[in-house]
Amino acid sequence: MSSPLVVLIIGGGSNVGAHVAQKLKTEGYRVAIGSRNPDSEALKRQGLLPVSVDGADSKSIKDAFKLVRDHLGEPNVVVYNLGLHIPPKSPNDPLAVSAEDFAKTSNVGGGVLVAAQEALASFRSSKNSNAPKVFISTGNLLPFIKKTVPSFFALDLQKGIMATTMQYANQFYTEEGFRFHYATLVGPDGGIPNLSSDAKEGFFTTGGPAHAEAYWNLISRAEAETWDYRFTYDGKKFG
Ligand SMILES: NC(=O)c1ccc[n+]([C@@H]2O[C@H](COP(=O)([O-])OP(=O)(O)OC[C@H]3O[C@@H](n4cnc5c(N)ncnc54)[C@H](OP(=O)(O)O)[C@@H]3O)[C@@H](O)[C@H]2O)c1
């Protein structure tokens, strides 16, 4: 008997999370979508499993995996979609970030380790199924354009933790058939995408469907892709 296809999205709201959830549901996945305050009734009406999870808290992440295992089965795809940016009081003074805000920002980065450890356990426990085993962290370009945007110092470190974790994991678990990606929407020139709320094409306007398309391409493709995966507004690989 084949195992069900199961995805857990951690940090899923109305943009990337919702679009990735709907795409995978259409492709036959059982979908669990988690945030700190999910709209459980609305999600249930859409046929999704709502999960209360704080991606900055290790125990909460472990509990979320347990809930998904109990209700849907072992996840074979995990999307870690979190990003926390707390603007510092002084934009050109990176060390002006408070220790508390820095800790909160770092914890969201650290949550990716726990989520990846849980995903690895799930992938191994369903090793004999043909389902793809894929972990995707939603990225941005900060780890690659370092030290140029002081107000994003703490977010740069957070995304750096995610990127480095994906890089190591993609390299060292590839022989087991597991894939780990840091996936980033970029603009047509490969730079930061348009972030305006009224952009014809941009992260907050067309970014949801672009992520859904790109993540499905990563999940469904036969050949492995690089850990640092960049895609554009049409969801296709950049470059
Ligand atoms: N490519 C780029 O340049 C670029 C640009 C902008 C953003 N991004 C990335 O895109 C991702 C976000 O995408 P989006 O805004 O479209 O997301 P989204 O699907 O709209 O959902 C984000 C959800 O995350 C939840 N959340 C926030 N903090 C959380 C926590 N500690 N634990 C669990 N859930 C939490 C929030 O719900 P609750 O309040 O209920 O928790 C929110 O609804 C981030 O990784 C961000 O860094 C990339």
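Residues numbered from 1 in each chain as written. Predicted model: local features only at pLDDT ≥ 70, side-chain atom pairs only at ≥ 80, totals over all residues. Heavy atoms only, no water.

Trainee: I would appreciate a short explanation of the packing of helix H1 (residues 16-26) against helix H6 (residues 207-220) in the present structure.
Mentor: Helix-helix packing is described using two parameters, namely the angle between the two axes and the distance between the axes. Relative orientation of the contacting elements H1 and H6 amounts to 45 degrees, with a least axis distance of 8 Å. With respect to each other, H1 and H6 are oriented oblique. With respect to the hand of their crossing, H1 and H6 are arranged in right-handed fashion. Between H1 and H6, the residues in contact are Val16, His19, Val20, Lys23 and Leu24 and Gly208, Pro209, His211, Ala212, Tyr215, Trp216 and Ile219, respectively. Taken together, the residues that form the contact of H1 with H6 break down as 8 nonpolar, 3 polar and 1 charged. (Axes fitted to C-alpha atoms, helices over the stretch in contact; angles between N-to-C directions. Helix = DSSP H or I, 4+ residues; strand = E, 2+ residues; numbered from the N terminus. Parallel < 35°, antiparallel > 145°, perpendicular 65-115°, else oblique. Left-handed = near helix turned anticlockwise from the far one by under 90°. Contact = heavy atoms within 4.5 Å. Nonpolar A, V, L, I, M, F, W, Y, C, P; charged D, E, K, R; others polar.)

Trainee: Got a minute to help me understand the pairing of strand S5 (residues 133-138) in this structure?
Mentor: If a strand is regular, its side chains alternate between the two faces of the sheet. Most of S5 sits out of view: 6 of its 6 residues are buried. Judged by which residues are buried, S5 turns out to be covered on both faces: Lys133, Phe135 and Ser137 on one side and Val134, Ile136 and Thr138 on the other are all buried. Examined bridge by bridge, strand S4 (residues 77-80) and S5 share 4 bridges and lie parallel to one another. Across the sheet, the residue bridging to Tyr80 is Ser137, located in S5. Across 6 bridges, the pairing between S5 and strand S6 (residues 178-185) is parallel. Bridge assignment links Ser137 to a residue of S6, and that residue is Tyr182. (Buried < 20%, exposed > 50% of the residue type's maximum accessible area, 1.4 Å probe, protein only. Pairing = 2+ DSSP bridges.)

Trainee: Got a minute to help me understand the nonpolar core in this structure?
Mentor: Nonpolar side chains tend toward joint burial in soluble globular proteins. Ranked by internal contacts, the top residues of the largest apolar core, which has 32 residues, are Ile10, Phe65, Tyr80, Phe135 and Phe180. Among the secondary structure elements, those contributing two or more residues to this core are strand S1 (6-10), strand S3 (49-52), helix H3 (58-71), S4, helix H4 (99-125), helix H5 (153-172) and S6. Considering every element that reaches this core, the biggest residue donor is H4, with 8 residues. Once residues lying within four places of it in the same chain are set aside, the contact partners of Phe65 are Leu8, Ile10, Pro75, Val78, Ala115, Glu118, Ala119 and Ser122. Ala21, Ile33, Val134 and Trp216 belong to the second-largest nonpolar core, a separate cluster that totals 27 residues. (Core = buried A, V, L, I, M, F, W, Y, C linked by side-chain atoms within 4.5 Å.)

Trainee: I would appreciate a short explanation of the packing of aromatic side chains in the present structure.
Mentor: Here a ring pair, both rings aromatic, is described through the centre-centre distance and the interplanar angle of the planes. A full pass over the atoms with the stated rule returns 11 aromatic pairs. When the ring of Phe123 is compared with that of Phe180, the centres are 6.2 Å apart and the planes differ by 50 degrees; the resulting orientation is tilted. With Phe123 in helix H4 and Phe180 in strand S6, this pair connects stretches of sequence that are 57 residues apart. Summarising the burial analysis for this pair, Phe123 and Phe180 share the class buried. Seen in terms of ring centroids, Phe144 and Trp227 are 6.2 Å apart; in terms of plane orientation they differ by 40 degrees. Their pairing is tilted. Residue Phe144 is found in the loop between S5 and H5, and its partner Trp227 is found in the loop between H6 and strand S7 (228-231); the two are separated by 83 residues along the sequence. The exposure class assigned to Phe144 is partly exposed, which follows from its relative accessible area of 32%. (Phe/Tyr/Trp six-rings, centres within 6.5 Å; stacked < 30°, edge-to-face > 60°.)

Trainee: Help me out: how do you make sense of the pattern of salt bridges in this one?
Mentor: Should their charged atoms come close, side chains of opposite charge can pair. The tally for this structure, following the rule as stated, stands at 11 salt bridges. The partner of Lys44 in a salt bridge is Glu41, with the nearest N and O atoms 3.8 Å apart. Within this pair, Lys44 and its partner Glu41 are both found in helix H2 (residues 40-45), separated by 3 residues, close to a single helical turn. Taking the shortest distance from any N to any O, the salt bridge between Glu118 and Arg69 comes out at 3.0 Å. Residue Glu118 is located in helix H4, and its partner Arg69 is located in helix H3; the two are separated by 49 residues in the primary sequence. Residue classification places Glu118 among the buried residues on the basis of a relative accessible area of 14%. With relative accessibility at 24%, the residue Arg69 sits in the partly exposed group. A single salt-bridge network, built from bridges that share partners, covers Arg221, Glu223, Glu225 and Lys237. (Salt bridge = Lys/Arg side-chain N within 4 Å of Asp/Glu carboxyl O.)

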